[in-house]
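Letter by letter, the chains look like this.
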Amino acid sequence: MQGKKILLGVTGSIAAYKTAQLVRLFIKAGAEVQVIATTSALDFVTAATLATLSKKPVLSDFYKNENGEWNNHVELALWADILVIAPLSANTLGKIASGICDNLLLATYLSAKCPVYVAPAMDLDMFAHPTTQENLRKISLFGNQIIPSEKGELASGLIGEGRMAEPETIFESIYNFFNKKLPFSGKNVLITAGPTYENIDAVRFIGNYSSGKMGFALAKAFADLGAVVTLISGPSHETINNLKIKLINVVSAQEMLDSCMLHFDIADIIIMSAAVADYTPSVKHTKKLKKEETNLTISLTPTVDILKQMGLIKKDQQFLVGFALESNNEFEYAKNKLAKKNLNMVVLNSLNVEESCFGTDTNKVWLIDAVKTQELPLLSKQDVAYKIAEYISIEINS
């Protein structure tokens, strides 16, 4: 953990007194620790104790002083290699689950691009309450890693689940995160994302509803797991902030094809998740067409099938993944695509599944290869991305 930057969030729970030992363990292992405490957390453990152990002032307020100097939550989030919230109180858990941002810790959490680990701590009945359990499930779907609460004697005198994991257990979880062998270390991954826009004239285009969310989630997952990622994206509002991800913006299907061809040879894994337009106008007008009273006919020609082109030039050691979005005969069409386009794997989406496909934050997919099909439940797109990465890791190492 030498040189690792750890943001340690401390919230209002009696278990906050244990964070002094956790800070000590991180510092002893060579990490740099910045503590952010909620106001109520400082009722249970003093800022002086945490500052002495971490060798940094404890941050609690947005403003450093009355002169208007402020603690920049965005910079804090970018600084960190990991954010650990221990203890995580029921109150802060509920705010994270609901997107409430009323203190420095929550603002930093919402800005964080790094992995987030949380260690819940609360009394037995609070922990067992359906709202708490639903909130834990919800923040897990966001991609947060939960260090399980332990059973034992609680502050109320009750015995049961809800006790924060011991500092040594939390330390071990974070230590293992930093020292695990990443499955895609040394691998180059090429990913396409988003729609393509095919110009009709200077202001109009043919496109689709793809947001790029799935492709960007895949890029993050593979970068987190050690890969160097080239992400080629059509128009999208999604953003990326990871030095291991090279983002290339394109607009049309032809531009996406040209960019894929430039980067294909060095890629070990190619994932074509973009929703590429199947047709493009035969004539593209450079000026805006004026509206007339008569009907307008637009002649369309097929775009180049980028996935098929990749399949034609794929080398034996490369792993090529296509996406199939279908509304009927889903599995038949997906398996045909697998065979016809020389793919190693197809990720099948169905338009018949609610809260899935274009523009949503969740997705339900089937992972299909030549011999098996794996169905995934409805998950966040980020969790789907990690499941796809896990599947590919098993395939290429088997």
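Residues numbered from 1 in each chain as written. Predicted model: local features only at pLDDT ≥ 70, side-chain atom pairs only at ≥ 80, totals over all residues. Heavy atoms only, no water.

1. Digging into the packing of helix α9 (residues 213-224) against helix α13 (residues 381-397)
Counted only if it meets this: Working convention: axes come from line fits to C-alpha atoms, limited for helices to the stretch in contact. Angles between N-to-C directions cover 0 to 180 degrees. Each helix corresponds to a stretch of at least 4 residues labelled H or I by DSSP, and each strand to a stretch of at least 2 residues labelled E; elements are numbered beginning at the N terminus. Under this scheme an angle from 65 to 115 degrees is roughly perpendicular, one under 35 degrees roughly parallel, and one over 145 degrees roughly antiparallel; angles in between are oblique. Handedness of a helix crossing follows the sense of rotation of the near helix relative to the far helix, less than a right angle counterclockwise being left-handed and clockwise being right-handed. Note on contacts: a residue pair qualifies if any of its non-hydrogen atoms lie within 4.5 Å across the two residues.
The N-to-C vectors of α9 and α13 enclose an angle of 55 degrees; their axes lie 8 Å apart at closest approach. Judged on the interaxial angle alone, α13 and α9 are oblique. Crossing hand, α9 versus α13: right-handed. The segment α9 lies against α13, with Lys213, Met214, Ala217, Leu218, Lys220, Ala221, Phe222 and Asp224 engaging Lys381, Gln382, Val384, Ala385, Tyr386, Ile388, Ala389 and Ile392.

2. Digging into the nonpolar core
What counts, and what does not: Residues enter a nonpolar core if they are buried and are Ala, Val, Leu, Ile, Met, Phe, Trp, Tyr or Cys, with the set joined through side-chain atoms within 4.5 Å. Between buried and exposed lies partly exposed: a residue is buried under 20% and exposed over 50% of the maximum accessible area for its type, with that area taken using a 1.4 Å probe on protein chains only.
Counting residues in hydrophobic clusters, the biggest one holds 34 residues, and the most contacted among them are Phe222 and Ile392. Mapped onto this core, the elements with two or more residues apiece are β8 (188-193), α9, β11 (228-233), β13 (269-272), β16 (319-326), β17 (345-350), β19 (365-368) and α13. When residues of this core are assigned to their parent elements, the largest contribution, eight residues, is made by α9. In this structure, Phe222 is in contact with Phe184, Val189, Ile191, Ala227, Val229, Ile269, Ile271, Ala389 and Ile392, ignoring residues within four places of it in sequence. Residues Leu22, Val35, Ala121 and Phe177 belong to the second largest nonpolar core, which totals 33 residues.

3. A few points about α9
How we decide: What a helix is expected to span follows from its residue count: subtract one and scale by 1.5 Å.
With 12 residues, α9 should reach 16 Å at 1.5 Å per residue; the first-to-last C-alpha distance of 16 Å fits that figure. With nine of its 12 residues buried, α9 lies for the most part within the structure. Among all positions in α9, only Met214, Gly215, Phe216, Ala217, Leu218, Ala219, Ala221, Phe222 and Ala223 are buried.

4. Some points on α13
With 17 residues, α13 extends 24 Å from end C-alpha to end C-alpha; this agrees with the ideal 24 Å at 1.5 Å per step. Regarding α13, the residues found buried are Lys381, Gln382, Asp383, Val384, Ala385, Ile388, Ala389, Tyr391, Ile392 and Ser393.

5. Regarding unusual backbone geometry
The step from Ala86 to Pro87 runs through a cis peptide bond, and the omega angle for that step is 0 degrees. Phi at Asn329 takes a positive value of approximately 45 degrees, unusual for a residue other than glycine. Relative to the helices and strands, Asn329 is located in the loop between β16 and α12 (330-340).

6. Quick notes on the confidence of the model for the protein chain
This is how the line gets drawn: A residue's pLDDT is simply how confident the predictor is in it, with values from 0 to 100.
The pLDDT averaged across the protein chain works out to 91; a share of 98% of its residues lies at or above 70. Ranking the elements of the protein chain by mean pLDDT puts strand β6 (residues 150-153) last, at 80, and β13 first, at 98.

7. Let's talk about the packing of aromatic side chains
Put simply, the rule is: Working definition: rings of Phe, Tyr and Trp (its six-membered ring) pair if their centres are within 6.5 Å, and the pair is stacked with planes under 30 degrees apart, edge-to-face with planes over 60 apart, and tilted otherwise. Distance and angle both matter: a charge sits over a ring if NZ of Lys or CZ of Arg is within 6 Å of the ring centre and within 35 degrees of the ring normal.
Counted under the stated rule, the structure contains seven aromatic pairs. An angle of 65 degrees between the planes, with centres 5.1 Å apart, marks the rings of Phe177 and Phe178 as edge-to-face. An identical accessibility class is assigned to Phe177 and Phe178; each is buried. On the numbers, 4.8 Å between centres and 55 degrees between planes, the contact of Phe184 with Phe222 is tilted. Remark: Phe222 occurs in helix α9 and Phe184 occurs in the loop between α8 (167-179) and β8; sequence separation between them is 38 residues. Of the two residues, Phe184 and Phe222, both sit in the buried class. Members of the aromatic cluster, each reached through a chain of ring pairs, are Phe26, Phe171 and Tyr175. The ring of Trp366 is capped by Lys364, whose NZ or CZ atom sits 4.9 Å from the centre of that ring.

8. Remarks on the sheet that holds strand β5 (residues 145-146)
Formally: Here, any two strands with at least 2 DSSP bridges between them count as paired.
Ordered by their spatial adjacency, five strands build an open sheet running β2-β1-β3-β4-β5, and the pairing between neighbours is parallel. Taken across any chain shown, the strands that pair with only one partner, and hence form the sheet edges, are β2 (32-37) and β5. In this structure, strand β4 (residues 116-120) lies alongside β5, joined through two bridges in parallel fashion. From the neighbouring strand, Val118 faces β5, where its bridge partner is Ile146.

9. A word on the pairing of β13
Side chains Ile269 and Ile271 of β13 all project onto a buried face; the interleaved residues Ile270 and Met272 project onto the opposite face, where all are buried too. Pairing analysis gives four bridges linking β8 to β13, with the strands arranged parallel. Opposite Thr192, over in β13, you have Met272 as the bridge partner. Of the strand pairs in this sheet, β13 and β16 are connected by four bridges, and their pairing is parallel. The residue of β16 that forms the bridge with Met272 is Gly322.

10. So, the side chain of Asp201
For the record, the criterion: Pairing of N or O atoms within 3.5 Å defines a polar contact, subject to two protein rules: one partner must be a possible hydrogen donor and the other a possible acceptor, and residues neighboring in sequence count only if both atoms are side-chain atoms.
Mapped onto the elements, Asp201 comes out in the loop between β9 (198-199) and β10 (205-206). The class of Asp201 is buried, set by a relative accessible area of 2%. There is a polar contact of 2.9 Å between the side chain of Asp201 and the backbone nitrogen of Val203. Residues contacting Asp201, with those up to four places away along its chain left out, are His285, Lys287, Lys288 and Leu289.

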